[in-house]
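Residues per chain are reported as follows:
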Amino acid sequence: MPHVSRELHHRAVVADAHNDLLVAVAARPPRRWASFFRERWLPQLRDGGVDLQVLPVFVEDRFRPEGALRETLRMIECAHTLAEGNRDEVRLCLDGSDIDATLAEGRIALVLALESAPGLDADVELIPTVHRLGVRVASIAHWGRTALADGSGEDATGSRLTAAGVEALREMERLGILFDVSHLSASGVAHVLELATRPVLATHSSARALLDHHRNLTDEQIRGIVATGGMVCVNFLGEFLAADPAERTVDRLADHIVHVAEVAGPDRVGLGPDFIKEVSADVSPPACEDLDYAELVVPGLEGPRGLPLVTEALIGRGFSEAAVHQILGGNVLDLFRKELGRPV
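Residues numbered from 1 in each chain as written. Predicted model: local features only at pLDDT ≥ 70, side-chain atom pairs only at ≥ 80, totals over all residues. Heavy atoms only, no water.

1. Topic: the pairing of strand 2 (residues 50–57)
Where a strand is regular, its side chains alternate between the two sheet faces. When you tally the buried positions in strand 2, you get eight out of eight residues, the bulk of the element. Of the strand pairs in this sheet, strand 2 and strand 4 (residues 108–114) are connected by six bridges, and their pairing is parallel. Counted as the bridge partner of Leu55 is Leu112 from strand 4. (Buried < 20%, exposed > 50% of the residue type's maximum accessible area, 1.4 Å probe, protein only. Helix = DSSP H or I, 4+ residues; strand = E, 2+ residues; numbered from the N terminus. Pairing = 2+ DSSP bridges.)

2. Focus: the packing of aromatic side chains
Counted according to the given criterion, the structure contains two aromatic pairs. Centre to centre, the rings of Trp143 and Phe240 are 6.4 Å apart; their planes meet at 40°, and the pair counts as tilted. Here Phe240 lies in the loop between strand 8 (231–234) and helix 10 (250–264) and Trp143 lies in the loop between strand 5 (135–138) and helix 7 (163–175), a separation of 97 residues in the sequence. Taking relative accessible area as the criterion, Trp143 reaches 33% and is therefore assigned partly exposed. Here Phe236 and Phe275 contribute two aromatic rings whose centre-to-centre distance is 5.9 Å and whose plane-to-plane angle is 90°, an arrangement assigned as edge-to-face. You can see Phe236 sitting in the loop between strand 8 and helix 10 and its partner Phe275 sitting in the loop between strand 9 (269–271) and helix 11 (276–283), a full 39 residues away along the chain. Residue Phe236 shares its accessibility class with Phe275, and that shared class is buried. Between the NZ or CZ atom of Arg28 and the centre of the ring of Phe36, over which it lies, the distance is 4.1 Å. Stacked on the ring of Phe240, the Lys or Arg Arg215 has its end atom at 5.1 Å from the ring centre. (Phe/Tyr/Trp six-rings, centres within 6.5 Å; stacked < 30°, edge-to-face > 60°. Lys NZ or Arg CZ within 6 Å of the ring centre and 35° of its normal.)

3. Focus: the environment of Leu237
For Leu237, the position within the fold is in the loop between strand 8 and helix 10. Residue classification places Leu237 among the buried residues on the basis of a relative accessible area of 7%.

4. Focus on the side chain of Arg252
Here Arg252 is to be found in helix 10. Among the polar contacts made by the side chain of Arg252, one reaches the main-chain carbonyl oxygen of Leu241 at a distance of 3.0 Å. (Polar contact = N/O pair within 3.5 Å; in protein donor to acceptor, adjacent residues only side chain to side chain.)

5. Some remarks on the pairing of strand 5
Both strand 4 and strand 5 contribute to a ladder of three bridges, which runs parallel. Paired with Leu112 across the strands is Val135, a residue of strand 5. Pairing between strand 5 and strand 6 (residues 178–180): two bridges, direction parallel. Each residue of the ladder has a partner; that of Ala138, found in strand 6, is Phe179.

6. As for the packing of helix 5 (residues 96–104) against helix 14 (residues 321–339)
Two numbers describe how helix 5 lies on helix 14: the axes approach to 7 Å, and their chain directions differ by 135°. Between helix 5 and helix 14, the crossing angle belongs to the class labelled oblique. From helix 5, Gly96, Ile99, Asp100 and Leu103 reach across to helix 14, where they touch Leu333, Phe336 and Arg337. Class assignment of the residues belonging to the contact of helix 5 with helix 14 gives a composition of four nonpolar, one polar and two charged. (Axes fitted to C-alpha atoms, helices over the stretch in contact; angles between N-to-C directions. Parallel < 35°, antiparallel > 145°, perpendicular 65-115°, else oblique. Contact = heavy atoms within 4.5 Å. Nonpolar A, V, L, I, M, F, W, Y, C, P; charged D, E, K, R; others polar.)

7. Looking at the packing of helix 13 (residues 307–316) against helix 14
Relative to each other, helix 13 and helix 14 sit at 145°, their axes nearing to 10 Å. The hand of the helix 13/helix 14 crossing is right-handed. Across the interface between the two elements, Thr311, Leu314 and Ile315 of helix 13 pack against Val324, Ile327 and Leu328 of helix 14. Residues of the contact of helix 13 with helix 14, tallied by class, amount to five nonpolar, one polar and no charged. (Left-handed = near helix turned anticlockwise from the far one by under 90°.)

This is the structure in structure tokens:
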């Protein structure tokens, strides 16, 4: 079975909808951005069979609020620099035709995203600016409150999108930037689903029916996302999979993927790993490493190299080869082909 699953895995288009590796690369001096990506991250992506990688721009709290825009622009520049310095291996893609051409050449397609967009604050007029810089996926909140919406850590407020948040959604739809509801509060998700006229995406969210955590999506939310034409990419972090660290396994991750597939359909589920351990190892000195991360990581899925284990688990759960291909990346590829960069 492992040999069969590994062969299937490397035949499939594998899409990772959320890897914060830009945080790690941008922590290096600019002259090292391209080479560090090539040395540290490219081998992992290749070993894991990753063909399409979403690169979120995540701005750490230490840059907020005053330095958030500057750090956002710096990380966007980092993405362009690492892509330009590794043209033989990767390409920063703006639409579906870019992605298809890149995959046909055997290169990895990179798609730039904003996570919570703190650098924009309420200045919605900057959304066309980041679109011009290559951003094609964006969310408007993380754990807490922003000028656009509340994150899931503020669920108790029951707040909806602000007026600027509504305007941001409209601008993203107009420009062909996929709206990402991962991290958004429950009432914020409901508000987006009321207003959305184009597909929305959850880049890294698991199933609340299996673990009642505010970062996970309810079945009702999953069905609402699917109703827009969007999809859910399942998060691999153990904290969102099981309350007991001993149960944070590949098999438990498969439970979440199976559940989302049952609710949404196998053509509306993908992978959003959120490999925080790998990023943490790149940016934290060994003596300062947060040992709590050990409990968050599913053994074997510390980074992209472990992705074939997911394929093995899906085969073991009885998914057809065609369904496995769709879950691994075909569904994300289909959505990106239809929506990225497509103006209203």
